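# Residue-level structure breakdown
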Amino acid sequence: MDELIGLPWTPPGLDDAELEAFLAFKDGFPEGMTPLIRKWIQGVLLLKKSAQSAYTTYRGSVFLDFQLQMNKSFGWPAKDTYYLDQVSACFRNLDSQYLVYFTDFVLAQGIHTDFGEDALEGILLNGRSNWSVGTRSGRPGLIGRVPSAVAEAVESITDNPTVANNLLRRAWGQAYGVTPDPPAAYSSAVKAVEVYSTKIFNPKTKRSTLGKDIAAFRAKPEKWDFTFGEQDSKSHEHLLGMMSLLWNNQLDRHGSEEYKDATVDQARAAVLLASTLVGWFDQGLVELKEEFRN
């Protein structure tokens, strides 16, 4: 809600509960936002502006590519360019969910126009949509909204193209994208942590698992320095607890009687937790003490 403090207007006479409900972010594209989303898409796909709007042309190929990749017919004409009436007809064939997909698809094309990512983010933010503009798999796309401070922190962590950061970036896309894949997101989050935890807790092993790294840490925690809290504090226990929480709650790792696919909420929690651990490990806050190195 802090991000919306600058909103120029709210309805008068609302009590605290009503104001909170009004300012709350909504799933999908709220109804009042739809015309602006369509206008943004038209601006991105504009080919040639005409004084007579009926003769303004748009990139029909993007509509057709979306239809092809969705493997679903929307009844769109097979033409490289569309006129305004054809674009309007295309929008009528998109329900609210497919409009989210199509917006994400248009974003991913990376078409550079005056109707850029910032313009779309402004619409989403002021319309209080749970979607925001981000990056998935190296391309712009829609991601589930998280507090700006969290997004900025994760962006700073994943900015360097290391193996762990690439895995973490993939995990964010799988957890917060328009078609989330919770099991894959959880798995990518764990792997991102393992890239670091193996080097820190099992440096003589080329391949390890977070479970084995936890066991090594638990067996002799005094071998490692953790630059967080006083030396006699329980910071080591808390770090071990965070690593164990991530590892022990991945119930889809192996086939067993307890097998369960991760839910979206569980995957997102795992990605947030992994982001903290990767950030700490990346900054060198956990390292083997000098006397145990050889």
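On a predicted model such as this, the values are computed, not experimentally measured, just so you know.

## Considerations on the packing of helix H9 (residues 182–201) against helix H12 (residues 264–282)
The description of two helices packed together rests on the angle between their axes and the distance between the axes. Packing of H9 against H12 leaves a shortest axis separation of 9 Å and a crossing angle of 20 degrees. Relative to H12, H9 is oriented roughly parallel. Both H9 and H12 take part in a crossing whose hand is left-handed. For the pair formed by H9 and H12, the contact residues are Pro182, Ala185, Tyr186, Ala189, Ala192, Val193, Tyr196, Ser197, Ile200 and Phe201 on the first element and Val264, Gln266, Ala267, Ala270, Val271, Ala274, Leu277, Val278, Phe281 and Asp282 on the second. For the contact of H9 with H12, the class distribution of residues is 17 nonpolar, two polar and one charged.

## Looking at H12
Helix length check: H12, at 19 residues, gives a terminal C-alpha distance of 26 Å against a target of 27 Å (1.5 Å per residue), a fit within 8%. Within H12, the full set of buried residues consists of Ala267, Ala270, Val271, Leu273, Ala274, Ser275, Leu277, Val278, Gly279, Trp280 and Phe281. Downstream of H12 by one or two residues, glycine 284 has phi in the positive range, about 75 degrees.

## Re the pattern of salt bridges
Under the definition given, this model contains four salt bridges. One salt bridge in this structure joins arginine 136 and aspartate 104, with 2.7 Å as the shortest N-O distance. Pair noted here: arginine 136 is in strand S4 (residues 131–136) and aspartate 104 is in helix H5 (residues 96–108), with a separation of 32 residues, a long-range link. You can call aspartate 104 buried: its relative accessible area is 8%. Note that glutamate 287 is salt-bridged to arginine 293, the shortest N-O span being 3.7 Å. A residue is classified by how much of its surface remains accessible, and glutamate 287, at 38% relative accessible area, is partly exposed. Since its relative accessible area comes to 41%, arginine 293 is described here as partly exposed. One continuous salt-bridge network, built from bridges that share partners, spans Glu287, Glu290 and Arg293.

## Concerning a negative patch on the surface
Together, Asp15, Asp16, Glu18 and Glu20 make up a negatively charged patch on the protein surface. Position of glutamate 20 relative to the elements: it lies in helix H1 (residues 16–23).

## Remarks on the sheet that holds strand S2 (residues 57–59)
Overall, antiparallel pairing links the three strands, which are arranged S1-S2-S3 in an open sheet. The open sheet has two edge strands, strand S1 (46–48) and strand S3 (81–83), and neither has a second partner. Going across the sheet, the axis of each strand differs from the next one's by a mean of 45 degrees, ignoring polarity. Packed onto the sheet, helix H3 (residues 60–70) meets S2 and S3 and runs at close to 35 degrees relative to S2. Relative to S3, helix H4 (residues 84–92) is tilted by about 90 degrees, and along the sheet it contacts S2 and S3.

## Description of the environment of leucine 45
Topologically, leucine 45 is positioned in helix H2 (residues 34–45). Residues leucine 45 and serine 61, 16 residues apart in the sequence, show an inter-C-alpha distance of 9.6 Å. Dropping the residues within four chain positions of it, leucine 45 is found in contact with Thr57, Tyr58, Arg59, Val62, Phe63, Phe102, Val106 and Ile111.

## Observations regarding the side chain of arginine 136
At 2.7 Å, the side chain of arginine 136 and the side chain of aspartate 104 are in polar contact. Excluding residues within four positions of it along the chain, arginine 136 makes contact with Asp104, Gly141, Leu142, Ile143, Gly173, Gly177 and Val178.

## Concerning the environment of arginine 169
By the secondary structure assignment, arginine 169 is in helix H8 (residues 163–176). Between the C-alpha atom of arginine 169 and that of alanine 192, which follows or precedes it by 23 residues, the distance is 9.2 Å. A polar contact of 2.8 Å, which involves the side chain of arginine 169, links it to the side chain of asparagine 166.

## Considering the nonpolar core
In terms of nonpolar packing, the biggest core is built from 41 residues, with Leu239, Met243, Leu246, Leu277 and Phe281 touching the most fellow members. For this core, the secondary structure elements donating two or more residues are H8, H9, helix H10 (210–219), strand S6 (224–226), helix H11 (235–248), H12 and strand S7 (286–288). Look past the residues within four positions of leucine 246 in its chain and what remains in contact with it is Tyr186, Val190, Val193, Leu210, Ala270, Leu273, Ala274 and Leu277.

How each quantity is defined
Residues numbered from 1 in each chain as written. Predicted model: local features only at pLDDT ≥ 70, side-chain atom pairs only at ≥ 80, totals over all residues. Heavy atoms only, no water. Axes fitted to C-alpha atoms, helices over the stretch in contact; angles between N-to-C directions. Helix = DSSP H or I, 4+ residues; strand = E, 2+ residues; numbered from the N terminus. Parallel < 35°, antiparallel > 145°, perpendicular 65-115°, else oblique. Left-handed = near helix turned anticlockwise from the far one by under 90°. Contact = heavy atoms within 4.5 Å. Nonpolar A, V, L, I, M, F, W, Y, C, P; charged D, E, K, R; others polar. Expected span 1.5 Å × (residues − 1). Buried < 20%, exposed > 50% of the residue type's maximum accessible area, 1.4 Å probe, protein only. Salt bridge = Lys/Arg side-chain N within 4 Å of Asp/Glu carboxyl O. Patch = residues over 30% accessible without salt bridge, like charges linked within 9 Å, V, L, I, M, F, W, Y side chains within 5 Å. Areas by Shrake-Rupley, 256 points an atom, 1.4 Å probe, with all protein chains shown as cover. Lys, Arg positive; Asp, Glu negative; His and termini not counted. Charge placed at Lys NZ, Arg CZ, Asp CG, Glu CD. Pairing = 2+ DSSP bridges. Polar contact = N/O pair within 3.5 Å; in protein donor to acceptor, adjacent residues only side chain to side chain. Core = buried A, V, L, I, M, F, W, Y, C linked by side-chain atoms within 4.5 Å.

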